[in-house]
Structures are given as C-alpha cells and as structure tokens.
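One-letter residues, chain by chain:
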Amino acid sequence: MNKIRFAANKDTNYIFHMLSVANCGYDNSYGEKYRARYPQEELRIMKQNEPLITVCGGEHWGLLYGLLVSEPACAKVPLPDYYGSLIETGNAIKSGNIPEFVSREVIPYNDTIIAISEVMIKHYNDYSENIWESEKAKIENYISNLQDYFEKSDFTDKAEKLLGCCLGSGCFTATLVTSTAGGPEAIDISKSQDVFGIERTVLDEVYFIGHEFIIYLLFEALAGENAFKSFETWGMTEGLAEYYLKKIMGDTRFFTEQLKYVEFYEQCEKNGCLSAVQLYRKALEVKA
C-alpha cells in the first residue's frame, strides 16, 4: 500500500511565497514576479533577519525557523490565528508578563517575531484572493502524475522491506509549493510532512520524494543511534538514503556530494547483508 500522500495547502504555500518575494533563502523568477506587490520596507524586515528564518541542508537551521516558518507551515491552525497568537504573546513579553511556554532563547528576538508576524498577517488575504487559486491549479495538476507513479510502483512497500522497518507515522505527506526553485526543499516541518517544490520533471520529483521517504524510515531504523542529532552525521544519513534509493530505482539523480557514502555502503554490502544500523556504524568508524 502506498504510504505517500500529497497536499496542496494554501497556508504552507503562502509562507514560502513570502520567503521567496522577500528573497530569503530563495532567489528565483517566482519571487521577482510578485515582489512589486509588497512594500519594500516590509520585505526588508524579513530580509534583514534572513539567517534567523532560513535553513540550509546539513549546515544551518535558523533560530526562528521553527517558530516562524515550519510550525505555521504545518497548517494545524489557520495562519492568521497562528501569527496573531505570536503577536499577542510578544506584547505580553513586552509588558513583562512572560508566559511559561516561551523559550528563553527567543526572547531577545521578540520585536523581530512581532514585526515578521505582522507582515505575514497583513498580506494573507491578498494572497488568498488573488494568487492562491492559480498556484493551486499548478500543484494539483502536478500531483495527479506523482500520485499515479507511487500508487503503481509499490515504492513504499519496497523501501520498508529493504530497511526492515515501517514508517512511524503511518503515512508520509509531501506538501507541494510553487515558490522554492533554487533554494532549500525537502524540509521536514513535522514528523510526517515535508515541503517540496514542483519545478522538476515528474520522474525527478519521484527520486527526490523517494529519498525523503527513506530518510523518514531511517528515523525509525536508526532511532538508537546518534544520527540526525547534529550536522556532523548529515552526509552519512543522506548517503544511506541514496544507497537504498539506488537499490529500488537502479540509480541516483541528486545528492551527488553523498555518492562517496553510497559507494562505501555498496562495498560493505559485498561482505554480506547488513542492516541500516550496521552500515551506519561502519561509516561512523571510518569517519572517526
């Protein structure tokens, strides 16, 4: 049974839309197309805080990225309500009434959180009324082809069998957006949900999403290891995902910098069938 689901979510798309038009982590034709709709001084608020609200795979995770990007991108609550609650909390902090749930490490950035939240709320209705429907149509057309491939290929069954474990969350949701060309993608915004752009061919997208599905399986398979706990092990886990992807697809297309790990794991395999944990530990030994 296919365990990959696809979503076209307005709130998720809006967040990455605003990052793109503010040239925060993304510099592409999409951002250029819509940038003139927004006051430059408001986009500047976001741009000036770019390191705080952007990520770079295996290298950087902005301090406010979780709070201002990935958490609202999950769309658990309506986006205006989410950012409205951040403003409300921020005003309470200003008055000296710091709620117990507030992380002390973000308090120095309270004014920034309020300012960015205000920008995000201000332009939400314009996006909803004048932009979203056309972008949604692009995504839904793209999804139909992707869904068909994964339903027919038994990809997720093959991946689970290879790794000897099942997806912890029951299903993996690939939320698609139209604004992330040239910047970070495959961003895990929850324990079962990643964000992907739609600029690739369908088959390229299959490889990209397939890689991330395997990463989520590795969360389970390597749960007792030190994987995913620091940037130092990032290359080993990405390479391990590519190793398993190659077993399913016959080749690889992305993550070329991690091919050295794919070749390493393939060499290990010649000495017998090894589990994901055993392969990972061997990579750790070599790195040490």
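To be clear, the structure that these remarks concern was listed above.
Quick caveat: nothing in here was measured; it's all calculated off a predicted structure.

(A) Expanded view of the nonpolar core. Counting 89 residues, the largest nonpolar core has Phe16, Met46, Ile53, Ile214, Leu218 and Leu240 as its most contacted members. For leucine 218, the contacting residues outside a window of four places in its chain are Leu163, Ala223, Phe228, Thr237, Leu240, Ala241, Tyr244 and Ala276.

(B) Quick peek at unusual backbone geometry. Even without being a glycine, alanine 75 presents a positive backbone phi close to 60 degrees. Topologically, alanine 75 is positioned in the loop between α4 (65–73) and α5 (79–94). With a phi angle near 65 degrees, phenylalanine 228 is a residue other than glycine that sits in the positive phi range. On the secondary structure map, phenylalanine 228 appears in the loop between α10 (202–221) and α11 (234–249). For phenylalanine 228, a relative accessible area of 33% corresponds to the partly exposed category.

(C) Quick look at the pattern of salt bridges. All chains considered together, the criterion is met by 15 salt bridges. Two residues, glutamate 71 and lysine 76, come together in a salt bridge whose shortest N-O distance is 3.7 Å. Look at glutamate 71 and you get partly exposed, because its relative accessible area is 32%. Residue class for lysine 76 comes out exposed when judged on its relative accessible area of 62%. For the salt bridge of arginine 200 with glutamate 205, the shortest nitrogen-to-oxygen distance reads 2.9 Å. By relative accessible area, arginine 200 is classed as buried at 18%. Owing to a relative accessible area of 0%, glutamate 205 belongs among the buried residues under this scheme. Beyond isolated ion pairs, a larger network of salt bridges with shared partners links Glu185, Arg200 and Glu205.

(D) Focus on the sheet that holds strand β6 (residues 193–197). Ordered in space as β1-β4-β6-β5, the 4 strands form an open sheet in which the pairing is mixed. Looking at strand neighbours, the two that pair on one side only are β1 (4–7) and β5 (187–190), the edges of this open sheet. With strand direction ignored, the average angle separating the axes of adjacent strands in the sheet is 35 degrees. Summarising the sheet, β1 and strand β4 (residues 172–177) pair through 4 bridges and their orientation is parallel. Within β4, the position partnered with phenylalanine 6 by the bridge is alanine 174.

(E) Inspection of the environment of lysine 229 at higher detail. Residue position: lysine 229 is located in the loop between α10 and α11. For lysine 229, a relative accessible area of 63% puts it in the exposed group. Each C-alpha atom, one on lysine 229 and one on glutamate 199, is 30 Å from the other, the two residues being 30 residues apart in sequence. Within the structure, lysine 229 has its side chain in polar contact with the backbone oxygen of glutamate 225 (distance 3.3 Å).

(F) Spotlight on the pairing of β4. Of all 6 residues making up β4, 6 are buried, and the element is well covered by its neighbours. The alternating pattern of β4 places Phe172, Ala174 and Leu176 and Thr173, Thr175 and Val177 on opposite faces, both of which are buried. One ladder, built from 5 bridges, connects β4 with β6; its direction is parallel. Bridge pairing in β6 places alanine 174 opposite aspartate 194.

Thresholds, definitions, all that
Residues numbered from 1 in each chain as written. Predicted model: local features only at pLDDT ≥ 70, side-chain atom pairs only at ≥ 80, totals over all residues. Heavy atoms only, no water. Core = buried A, V, L, I, M, F, W, Y, C linked by side-chain atoms within 4.5 Å. Buried < 20%, exposed > 50% of the residue type's maximum accessible area, 1.4 Å probe, protein only. Contact = heavy atoms within 4.5 Å. Helix = DSSP H or I, 4+ residues; strand = E, 2+ residues; numbered from the N terminus. Salt bridge = Lys/Arg side-chain N within 4 Å of Asp/Glu carboxyl O. Pairing = 2+ DSSP bridges. Axes fitted to C-alpha atoms, helices over the stretch in contact; angles between N-to-C directions. Polar contact = N/O pair within 3.5 Å; in protein donor to acceptor, adjacent residues only side chain to side chain.

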